[in-house]
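Residues per chain, in single letters:
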Amino acid sequence: MTDYRLRTVRPQPGQSGRLERSPHAGAQGRSGNQEAESSPQGSGDSALSSRTADPATRANTQKPVAQKQRSGSLYSVSRGGASGAGASRVHQQPPQHDSESPTGLSRSDMTDRGEYLWGIAGLRAVAILAILGHHLMPGVVRGGFLGIDIFLVISGFLVTMTLLRSDRTRGYIDVLSCYRARFTRSFIPLLVLVVTVIPLAGIIARSTLGDIRRQTLGALTYSTNWFDICQGYVRDAGSGRLFSHLWYVALDAQIMLLWPLIALVMLALLDSWRLRALVASVVVVFSAGLMMVLYNGENSVALLYGPHTHLFGVALGIVLAIIWADPQASILGAVHWRRTYPWYGWAALSMLVVFLFIIPMDGPWAYMGGMLLVSLLAGIVLATIVIPHSIFSLIGQIGVLRWLGQRAYLLYVWHWPLLVIAAACWHASGWQGGVRDMCALMVCFACAELTYRYIMRPIRRYGLSVACARAVLAVRRSLRYRIVAIGASLVTVGAIAVLIWNPVSLAQGASPDSSAPVQVAAEPEGTAGEIGGSKAGGDPSSAQGNMTPSQPAVAPNSGGDALQRGDEPAPGAQLCSAFDASKPQWKDVTIFGDSIAAGAGAELTAQMPGAQVYAQPGMTWAEAYAFIAQHRATAHVGRVVVLEYGTNGGVPDPNEVRRNIEQLGCRRWVFLVNVGTTSKDVDSANRTLSDIAAGYANVFVVDWHGLIAEHPEFLKIDTIHPLPEGNVAFATLLRQSIGQAGEHLATLPRAKR
């Protein structure tokens, strides 16, 4: 197959321009083909190249292109028939005689000339470095998640530029070809990731395989974002799952599934580039405004993951692509822009880097205009990169940045599962945790390079069908490739076996995100000691190890203020006459919860022998009512009840919490465990729990969040679920809290019979 690129040769005085085959066209497949994937690696078909061996097809592809008579002339393509309705006609427009800017750029340099935009790789590199930094050092690169918005702007620009080039040169948009390119460059790396990571996790990190079927379904169907929205995760990476980071890939794919069809209609109905840009600008305002209006501090996941509220980045890229395609360069060709674009570029790039360090993910700044502002800055930087031979374009071609940019999508796909597996295999914090993460990152770079070199580059060079045929031929001829093929087959079979069998159980360290309910049965009554004793009936502090919280383990009523000040109980905070304040035994303790309690179930029964643990990962306060009622009807519920909910969705309705408290009655000791994470998203939820507890004399708040604030190393990389030492701390906190509550209850008055 021959790959052609149409290149305009600038004429000498007295000569006419001509089009000739580029000397760089050939096996590399770089003939004007811009990687305009909607994912970080880029995508799209070539607008000015033809990958076909059919001479007639190549001739038809070249028909709409005309020869230039001078370097400053511009051309536009109109579509009609064979005699005005279907044939493509090229109209030469009069040359522009604008004065040259101090930068040496003419107006004709500020419009799309079908060249490959190498400098975009540098902006991709900035985005992927921000994301990697955010996951490795979330306290330093606080706004690294905004690299996603940079990717979205690039994605919208490149896909739209490819569609407009196709319309300009061919006279039509090949939607099927666009979708085919997206499939090969986006889905195939996902497939390689799934069949590689799942067997690896099954061998060395089985605790990460919780809910693996749902994760795999979401990854391969581009629906991870909607699964997470429905699940109600508080943070990105929801629970340390292997494929939770693929929410962005799903978001981008959903947007780009519709955009080529919308572009087809837009080009048919709107002839003016100004109208097209206006429509895209309205989408920007609507999407960003919708995010600002809907944000309430508790729905950050839905706003971040939802395509309707996170569409503005792609729409900004579309606006820039439409402006860039204007043959008259009405905006980008303005003298002011040509003279001052370096200043705009450096200012935008500087502000962009600053925001990547200071805008937090868990505050209102990102959702109340921060993401929109970052997208605008990324668009300005991108507008300077597309200028031929600009300093920003040259910087983007630096070796390291170009390497990172070309493999940005692969690095994004590989990095998170490897970090999760490394964290599950090597529990470390401080400098040891940094060493662990750096080792995982080096493996990520190696996997990205191998995937790029041996899978994606052959597909990009030869096409999917030819690359597969060459691979089959290589396997038949070479023993080395035969061994590789056998290994790949075994890995694939292993992945399928893990998905079918899913050999994960709580006793073997199952992930707390498994969707199945977890029940830890009580031990025989003879082993159950009294509250305040250890498993062997000794000192309660013996199970604590080296962890000693500086704050009280339990916060009675309003965050513990009443107990610490020694004030009188709040008005109405009286125990009912039937309340039993005698010291209970561990067999009288029943714990209801979500994934936190499920993950710590074994440790809870070890420190509180005889206690009952009923936990179902993913459960919310609203769902807990029926769950508790079911166990009240079918099982023994002790007079000391711990309610651990809010990890999924916080406390959107305080009345749901009150319903759960009131169905337990006034005779029981009730403990509400607040949400423990390093995220500030849960502050309002924890305040709500404290306010609710203040209205009941028999209800206490266990300050799990306060303990995690002092010991963030207890949590996994997702900053939500505890590591093994965190499970020990969680169980110890509950045990101490129940013991301290008895002392406080003795001071409260009781209602008269």
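This text goes with the structure placed above it.
Residues numbered from 1 in each chain as written. Predicted model: local features only at pLDDT ≥ 70, side-chain atom pairs only at ≥ 80, totals over all residues. Heavy atoms only, no water.

Participant: It is not clear to me how the overall build of the protein chain should be interpreted in this structure. Could you clarify?
Facilitator: Looking only at helices and strands, one finds 26 helices and twelve strands in the protein chain. Across the 753 residues of the protein chain, 55% fall into the buried class. Here the contacts in the protein chain between residues at least 6 apart in sequence split such that 77% fall between residues at least 24 apart. Taken as a whole, the protein chain presents about 31300 Å² of accessible surface, with 61% of it coming from carbon and sulfur. (Helix = DSSP H or I, 4+ residues; strand = E, 2+ residues; numbered from the N terminus. Buried < 20%, exposed > 50% of the residue type's maximum accessible area, 1.4 Å probe, protein only. Contact = heavy atoms within 4.5 Å. Areas by Shrake-Rupley, 256 points an atom, 1.4 Å probe, with all protein chains shown as cover.)

Participant: Is there a simple way to explain the packing of helix α4 (residues 175–204) against helix α7 (residues 247–269) in this structure?
Facilitator: Relative orientation and spacing of two packed helices are given, respectively, by the angle between their axes and the distance between those axes. As a packed pair, α4 and α7 sit with axes 11 Å apart at the nearest point and diverge in direction by 175 degrees. Taken together, the axis directions place α4 and α7 in an arrangement best described as roughly antiparallel. Along its contact with α4, which presents Val175, Cys178, Tyr179, Arg182, Ser186 and Leu190, the element α7 presents Val249, Asp252, Ala253, Met256, Leu257, Pro260, Leu261 and Leu264. Its residues assigned to classes, the contact of α4 with α7 comprises eleven nonpolar, one polar and two charged. (Axes fitted to C-alpha atoms, helices over the stretch in contact; angles between N-to-C directions. Parallel < 35°, antiparallel > 145°, perpendicular 65-115°, else oblique. Nonpolar A, V, L, I, M, F, W, Y, C, P; charged D, E, K, R; others polar.)

Participant: Sorry, what's going on with helix α23 (residues 654–664) here?
Facilitator: Every α-helix winds through 3.6 residues per turn, so residues three or four apart in the chain are directed the same way. Residues Glu656, Val657, Asn660, Ile661, Gln663 and Leu664 constitute the buried set of α23. Along the long axis of α23, the arc covered by the buried residues comes to 165 degrees, so they all point the same way. Buried residues belonging to α23 abut α22 (621–634), β10 (640–644), β11 (669–673), α24 (683–693) and β12 (699–702). Phi for Gly665, located one or two positions after α23, is positive at around 85 degrees. (Arc of directions from axis to C-beta.)

Participant: How do you make sense of the environment of Thr605 when you look at a structure like this?
Facilitator: Structurally, Thr605 is set in helix α21 (residues 601–607). For the pair Thr605 and Ala731, spaced 126 residues apart in sequence, the C-alpha separation works out to 8.6 Å. Within the structure, Thr605 has its side chain in polar contact with the backbone oxygen of Ala602 (distance 3.0 Å). (Polar contact = N/O pair within 3.5 Å; in protein donor to acceptor, adjacent residues only side chain to side chain.)

Participant: I would appreciate a short explanation of a nonpolar patch on the surface in the present structure.
Facilitator: Taken together, the side chains of Met137, Val140, Val353, Val354, Phe357 and Ile358 make up a nonpolar region of the molecular surface, amounting to roughly 500 Å² of accessible area. Structurally, the position occupied by Met137 is in the loop between α2 (120–136) and α3 (147–170). Of the residues examined, Met137 reaches a relative accessible area of 44% and is grouped as partly exposed. (Patch = residues over 30% accessible without salt bridge, like charges linked within 9 Å, V, L, I, M, F, W, Y side chains within 5 Å. Salt bridge = Lys/Arg side-chain N within 4 Å of Asp/Glu carboxyl O.)

Participant: Is there a simple way to think about the pairing of β10 in this case?
Facilitator: Here β10 lies mainly inside the structure; five of its five residues are buried. Of the two faces of β10, both are covered, the one formed by Val640, Val642 and Glu644 as well as the one formed by Val641 and Leu643. Taken together, the five bridges between strand β8 (residues 589–593) and β10 define a ladder with parallel strand orientation. Its bridge partner being in β10, Val589 is matched across the sheet by Val640. On the question of chirality, the crossover connecting β10 to the parallel β11 by way of α23 is right-handed. (Pairing = 2+ DSSP bridges. Right-handed = clockwise from strand over helix to strand, strands pointing away.)

Participant: Whenever I open this one, the pattern of salt bridges confuses me. Can you help?
Facilitator: Pairs can form between side chains of opposite charge once their charged atoms are near each other. For the coordinates displayed, the defined rule picks out eight salt bridges. One salt bridge connects Arg165 with Asp112, and the closest N-O pair in it is separated by 2.9 Å. Note that Arg165 is positioned in helix α3 and Asp112 in the loop between β5 (88–93) and α2, a separation of 53 residues in sequence. An identical accessibility class is assigned to Arg165 and Asp112; each is buried. The partner of Arg168 in a salt bridge is Asp112, with the nearest N and O atoms 3.2 Å apart. Here Asp112 lies in the loop between β5 and α2 and Arg168 lies in helix α3, a separation of 56 residues in the sequence. Judged by its relative accessible area of 22%, Arg168 is partly exposed. Assessed through its relative accessible area of 10%, Asp112 is described here as buried. By sharing partners, the salt bridges in this structure join Asp112, Arg165 and Arg168 into a single network.

Participant: I keep staring at the nonpolar core and nothing clicks. Help me out?
Facilitator: The nonpolar side chains of a soluble globular protein tend to be buried, and buried together. Counting residues in each nonpolar core, the largest one holds 128 residues, and the members touching the most others are Phe157, Leu242, Phe243, Tyr367, Met371 and Trp414. Ranked by residues supplied to this core, first place goes to helix α15 (residues 408–425) with 13 residues. Ignoring anything within four residues of it in the chain, the contact list for Leu242 reads Val197, Ala201, Thr208, Leu209, Ile212, Gln215, Trp416, Pro417, Val420 and Ile421. Formed by 36 residues, the second largest nonpolar core is a distinct cluster that contains Cys576, Ala697, Ile720 and Ala731. (Core = buried A, V, L, I, M, F, W, Y, C linked by side-chain atoms within 4.5 Å.)

Participant: What's the story with the side chain of His631 in this structure? I'm lost.
Facilitator: Tracing the backbone shows His631 in helix α22. The contact partners of His631, leaving out residues within four places of it in the chain, are Phe592, Tyr614 and Val637.

Participant: So what exactly am I meant to see when it comes to the packing of aromatic side chains here?
Facilitator: Tallying each qualifying case throughout the model produces 16 aromatic pairs. Here the aromatic rings of Phe671 and Phe700 are separated by 5.3 Å at their centres, their planes lie at 20 degrees, and the arrangement is stacked. Here Phe700 lies in strand β12 and Phe671 lies in strand β11, a separation of 29 residues in the sequence. Both residues of the pair, Phe671 and Phe700, count as buried. A connected cluster of aromatic rings, assembled from ring pairs, spans Phe151, Tyr248 and Tyr412. Positioned above the aromatic ring of Tyr452, the side-chain terminus of Arg407 is 4.0 Å from the ring centre. Positioned above the aromatic ring of Tyr462, the side-chain terminus of Arg470 is 4.2 Å from the ring centre. (Phe/Tyr/Trp six-rings, centres within 6.5 Å; stacked < 30°, edge-to-face > 60°. Lys NZ or Arg CZ within 6 Å of the ring centre and 35° of its normal.)

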